[in-house]
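# Close look at the chain arrangement
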Amino acid sequence: MRPGQFIGRGVFFVHHCPVGEKAKPMPQNVFAPWTDPQAKPLIRFENVTKRFGDFTAVDDLSVDIYEREFFALLGPSGCGKTTMMRMLAGFETPTSGTIMLDGKDISPVPPNKRSVNMMFQSYALFPHLTVYDNIAFGLKRDKLPAEQIDARVKEMLRLVQIERFAQRKPDQISGGQRQRVALARSLAKAPKLLLLDEPLSALDKKLRQDTQFELMDIQEKTGTTFVIVTHDQEEAMTVASRVAVMNFGKLIQVDTPTQIYEAPNSAYVADFIGDVNIIEGNATVDGERVLISWAEGQPDIIGTPAQPVAPGRVSFVIRPEKIAISSEKPTDRRNAVHGKVLDIAYLGNMSTYHVEMPDGTVIKATAANQRRRDSLPYTWEDPVWLSWTDTAGVVLAE
Amino acid sequence: MNLRRTSLIAVPYFWLGCLFLIPFLIVFKISLSDAALSIPPYTPKLELSEGWAGVRDMFSQFDFENFEFLATDDLYWKSYLSSVQIALISTFMCLLVGFPMAYGMARAPQVWQPTLMLMVILPFWTSFLIRVYSLIGILSQEGMLNQFLTWIGVISEPLTILNTNIAVYIGIVYTYLPFMILPIYATLIKLDGSLLEAAEDLGCSRTEAFWRITVPLSKAGIIAGCFLVFIPALGEFVIPSLLGGSETLMIGKVLYEEFFSNRDWPVASAVAVILLLILIVPIVLYQRNEQRLIEAEQ
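Reading guide: rules and limits
Residues numbered from 1 in each chain as written. Chains lettered and ligands numbered in written order. Predicted model: local features only at pLDDT ≥ 70, side-chain atom pairs only at ≥ 80, totals over all residues. UniProt positions renumbered as here; feature names shortened; annotations may be inferred. Helix = DSSP H or I, 4+ residues; strand = E, 2+ residues; numbered from the N terminus. Rg over C-alpha atoms; globule rule 2.2 N^0.38 Å. Buried ≥ 20, exposed ≤ 12 C-beta atoms within 10 Å, placed from the backbone. Contact = placed C-beta atoms within 7 Å. Domains from an automatic or database assignment. Nonpolar A, V, L, I, M, F, W, Y, C, P; charged D, E, K, R; others polar. Pairing = 2+ DSSP bridges. Axes fitted to C-alpha atoms, helices over the stretch in contact; angles between N-to-C directions. Parallel < 35°, antiparallel > 145°, perpendicular 65-115°, else oblique. Left-handed = near helix turned anticlockwise from the far one by under 90°. pLDDT = per-residue confidence, 0-100. Core = buried A, V, L, I, M, F, W, Y, C linked by C-beta atoms within 7 Å. Expected span 1.5 Å × (residues − 1). Bend = angle between axes of the 7 residues up to and from the residue.

Going by the annotation in an unreviewed UniProt entry, the name recorded for chain B is Putrescine transport system permease protein, with Yoonia litorea given as the source organism. Here chain B is described in UniProt, under the heading Sequence similarities (unreviewed entry), as follows: "Belongs to the binding-protein-dependent transport system permease family. CysTW subfamily." For chain B, the Subcellular location (unreviewed entry) comment in UniProt is given as "Cell membrane".

If you look chain A up in an unreviewed UniProt entry, it shows as Spermidine/putrescine import ATP-binding protein PotA from Yoonia litorea. One UniProt comment on chain A, placed under Subunit (unreviewed entry), says "The complex is composed of two ATP-binding proteins (PotA), two transmembrane proteins (PotB and PotC) and a solute-binding protein (PotD)." For chain A, the Function (unreviewed entry) comment in UniProt is given as "Part of the ABC transporter complex PotABCD involved in spermidine/putrescine import. Responsible for energy coupling to the transport system."

## Here's the deal with the overall build of chain B
From N to C terminus, chain B includes 14 helices and two strands. For a compact globule of 298 residues, the expected C-alpha radius of gyration is about 19 Å, and chain B comes in at 24 Å, more than 25% above that figure. Considering only C-alpha atoms, chain B reaches an extent of 80 × 70 × 35 Å along its principal axes. Evaluated residue by residue, chain B yields a buried proportion of 29% over its 298 residues. For chain B, the share of sequence-separated contacts (at least 6 apart) that also reach a separation of at least 24 residues comes to 70%.

## Notes on the overall build of chain A
When helices and strands are tallied, chain A shows nine helices and 20 strands. Taking the principal axes of the C-alpha coordinates as reference, chain A spans close to 80 × 50 × 45 Å. Counting all 398 residues of chain A, 38% fall into the buried class. Put simply, 66% of the contacts in chain A that link residues at least 6 apart link residues at least 24 apart.

## Looking at the domain arrangement of chain A
Where interface size is given, it is often the accessible area lost as the parts come together that is meant. Considered domain by domain, chain A is made up of domain 1 (5-115 + 191-267) and domain 2 (275-397). Its residues placed into classes, the side of domain 1 of chain A that touches domain 2 of chain A shows four nonpolar, two polar and no charged.

## Some details on the interface of chain A and chain B
Between chain A and chain B, the residue contacts involve 16 residues of the former and 14 residues of the latter. Ranked by residue count, the leading element in the side of chain A that touches chain B is helix α3 (residues 131-141) of chain A, at three residues.

## What about the sheet that holds strand β1 (residues 43-52) of chain A?
All names here are of chain A. In spatial order, the strands read β2-β1-β4-β5; together these four strands make up an open sheet with antiparallel pairing. Each edge of the open sheet is held by one strand with a lone partner, namely β2 (55-65) and β5 (104-105). Where β1 and strand β4 (residues 96-101) come together, five bridges link them in antiparallel fashion. Residue pairing across strands places Arg44 opposite Met100, the latter belonging to β4.

## Some details on the UniProt feature "domain: ABC transmembrane type-1" (unreviewed entry) in chain B
UniProt tags residues 80-286 of chain B as "domain: ABC transmembrane type-1" (unreviewed entry). Secondary structure content for residues 80-286 of chain B is 76% helix and 0% strand, and the end C-alpha separation is 20 Å.

## Observations concerning the UniProt feature "transmembrane region" (unreviewed entry) in chain B
In the numbering used here, UniProt assigns the "transmembrane region" (unreviewed entry) feature to residues 12-32, 84-104, 116-139, 166-186, 222-245 and 265-286 of chain B. Secondary structure content for residues 116-139 of chain B is 75% helix and 0% strand, and the end C-alpha separation is 26 Å.

## Overview of the UniProt feature "domain: ABC transporter" (unreviewed entry) in chain A
Look at the UniProt record and you will see "domain: ABC transporter" (unreviewed entry) annotated at residues 43-273 of chain A. In residues 43-273 of chain A, the share of helix is 36% and the share of strand is 26%. The end C-alpha atoms are 26 Å apart.

## Here's the deal with the packing of helix α8 (residues 165-189) of chain B against helix α11 (residues 219-234) of chain B
Residue and element names in this part refer to chain B. As a packed pair, α8 and α11 sit with axes 7 Å apart at the nearest point and diverge in direction by 160°. Taken together, the axes of α8 and α11 lie roughly antiparallel to each other. By crossing handedness, the relation of α8 to α11 is classed as right-handed. Only Ala220, Gly221, Ile222, Ala224, Gly225, Leu228, Val229, Pro232 and Ala233 of α11 make contact with α8, whose side of the interface consists of Ile172, Tyr176, Phe179, Met180, Pro183, Ile184, Ala186, Thr187 and Leu188. Of the residues that constitute the contact of α8 with α11, the class distribution is 15 nonpolar, three polar and no charged.

## Topic: the pairing of β4 of chain A
Residues and elements named next belong to chain A. Note: β4 against β5, two bridges, orientation antiparallel. Within the sheet, the bridge partner assigned to Leu101 lies in β5 and is Lys104. With antiparallel pairing between neighbouring strands as the criterion, β4 and β5 make up a hairpin whose turn holds two residues, including Asp102 at a positive phi of roughly 60°.

## Quick word on the sheet that holds strand β3 (residues 70-74) of chain A
Hydrogen bonding along the main chain pairs the strands of a sheet, whether they run parallel or antiparallel. Residues and elements named next belong to chain A. With respect to topology, six strands assemble into an open sheet ordered β6-β7-β8-β3-β9-β10, the strand pairing being mixed. The open sheet has two edge strands with one neighbour each: β6 (116-119) and β10 (250-255). Sheet twist, expressed as the mean angle between neighbouring strand axes with direction ignored, is 20°. In the sheet, strand β7 (residues 193-197) pairs with strand β8 (residues 225-230) via five bridges, with the strands oriented parallel. If you follow Leu194 over to β8, its bridge partner there is Phe226.

## Quick look at the packing of helix α4 (residues 74-107) of chain B against α11 of chain B
All names here are of chain B. Packing of α4 against α11 brings their axes to within 9 Å, and their N-to-C directions diverge by 140°. The chirality of how α4 crosses α11 is right-handed. The segment α4 lies against α11, with Ser83, Val84, Ala87, Leu88, Ser90, Thr91, Cys94, Leu95 and Gly98 engaging Ile222, Gly225, Cys226, Val229, Phe230, Ala233 and Leu234. Split by residue class, the contact of α4 with α11 holds 11 nonpolar, five polar and no charged.

## Description of the environment of Ala296 of chain B
Structurally, the position occupied by Ala296 of chain B is in helix α14 (residues 265-297). On a C-alpha basis, the gap between Ala296 of chain B and Met105 of chain B in space is 24 Å, while along the polypeptide they are 191 residues apart.

## What to know about the confidence of the model for chain A
Should pLDDT be low for a region, the predicted coordinates there are not to be read in detail. This prediction gives chain A a mean pLDDT of 86; 92% of its residues lie at or above 70. A low-confidence stretch, residues 1-24 of chain A stays under pLDDT 50, and its non-local contacts, those more than four residues away or across chains, total 29 contacts.

## Things to note about the nonpolar core
In this structure, Ala72, Leu88, Ile135, Leu195, Val227 and Ala244 of chain A are the most contacted members of the largest nonpolar core, which totals 101 residues. For this core, the element with the highest residue contribution is α3 of chain A, accounting for six residues. Among residues more than four places away in sequence, those in contact with Leu195 of chain A are Met85, Leu88, Ala89, Val116, Met118, Met119 and Val227 of chain A. Within the second largest apolar cluster, 49 residues are counted, among which are Ala87, Leu135, Ile184 and Val267 of chain B.

## What to know about unusual backbone geometry
The peptide bond linking Thr43 of chain B to Pro44 of chain B adopts the cis configuration, its omega dihedral lying at 5°. Residues other than glycine seldom take positive phi values, yet Glu198 of chain A does so here, at roughly 45°. When you line up the elements, Glu198 of chain A lands in the loop between β7 and α6 (205-222). Given 20 C-beta atoms within 10 Å, Glu198 of chain A falls into the buried group.

## Concerning α4 of chain B
The end-to-end C-alpha distance of α4 of chain B, which contains 34 residues, comes to 49 Å, matching closely the 50 Å that a straight helix rising 1.5 Å per residue would cover. A maximum bend of about 30° is found in α4 of chain B at Gly98 of chain B, where proline Pro100 of chain B lies one to four positions downstream.

## Quick word on the confidence of the model for chain B
Here chain B averages 89 in pLDDT, while 99% of its residues score no lower than 70. What the predictor reports for the complex is a pTM of 0.79 with an ipTM of 0.78.

Here is the structure:
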């Protein structure tokens, strides 16, 4: 089994693992070169800083990206993710620090001499050339023999399934097809590294989801290293082998989608990815456990921190789907709080209950809708119990 | 609804009929007549007092003698040819000067662009004749150009520029440059910068990206600019007569001399009709280009 195949599977697993279950230890041949100290990275950022005037877009950033990885740069706009990508493509040069590709500093190499190709957010298809000629463009610059170019272009057309449109101009095909042409064009030269700048942002939601899986499939088939820039956390979680969450030019956390979701290292990451409850309080350490007092008249929250925390101010972070909702006080869970239903967000497959505590704090809990809406068990103003186990949440020192 | 549409379309046709078709028919009619010592100086004239017979009489006297004359005297076809040549060369020179200017304008910082645009249009605020006369002051033997070149020591003897074809070229390029710059600028400003980055990313050098992406994508603007310069330059009269010398042959000048020096209206009209026929080809081509441009934008 080729290592790339695991990327897709692993991600699939994230989405379908039952609530509350921790990521199981992966089998031995799992694709995770970042855990192997012997592995040589394809790309290495070493203390890279990029300033535009007095604005620091990328701030003293170091990260390794390995061959065959599908690496996602995730963050809000202006966080420096696009600048990082443009430095890899060669359109920007770092103010300080070095970027190594295959162990060589690539700063002096101009974009047209790098074995790095980019798929642009706008697709940047040449409007005066046909789909075929767009894909052949890079190959022709390499002065390859004509039959070799033809074979490669046809292979690319097949790969992204747009053979039928080969002789059309970009303005004669749909947005989804243009996206495929852009992908085929950037893959045609078989680059060591493919950069994707918000590749799916112009597609509608349904098409975007289908294309995400296709993108993973193509990445697996070609074995190319992909670096994707996106502000869509769902997209990053779906496609990537590792996600780097960025803000203000710094990497906040670089980890697998599972770890980013289940073990965020900061309230920022927890809040950025998915829905979350963040409860602030004072911690006292009790052996492996931590007791967090967070509101007067409420029992302390019992949590298990991943790393030992010092007593003092902490944030307790818990996902809504890890909180159970019931009308009776549960006996099997260590944490239970009582409140009344303030609001219900009905999403079809599940509902999110906003439950107000006596002190005014609102905690969100989601429950799958196993029955039809008219027979849902709780409604507005109902008194309910919220409960969770002592390992369900994450304790973060401030 | 239909009536409204018809009347809307009728307005431009009415203008075209009044301002182009009827004058053209009058000129065409004169070109079929013979010169005569009378007022107006040609015959036959329409004698409406004789009724239908007068009209028939006039038509029976029409002939193509003047067109045949144009073919026999080599002055005429040499002037046509020389006009086409001068118009082509000056169009090309306009392109050489205009494209870099348009490119520079399109690449300039956003805040500068309205100012640059204004500077291109500004000369139109002064009369065309005054600008051509001032060129005489610059290009003559004792003109500012010769004085300047002597002063910086490039030349010791003043150059003879005025009253040569070179002065005509300078005059045409100077006058028609904005017509070249503006359509090219309009296409370049729409050019998406990421296309050039994509070309570089795929292995083009900067120069190659320019030739493979920028030039093809500004083709429509280049074509429009070339026609906008070529068409008026071909029939240009003021510039060759003011700046050109005796050896400058341009059909506009010939036309003027036939009308006002020779008072041979029929021959002059024939010259004008042929000039129009020559111009129809580029005008039709220009219209086709414009049409394509509009379709491409939809």
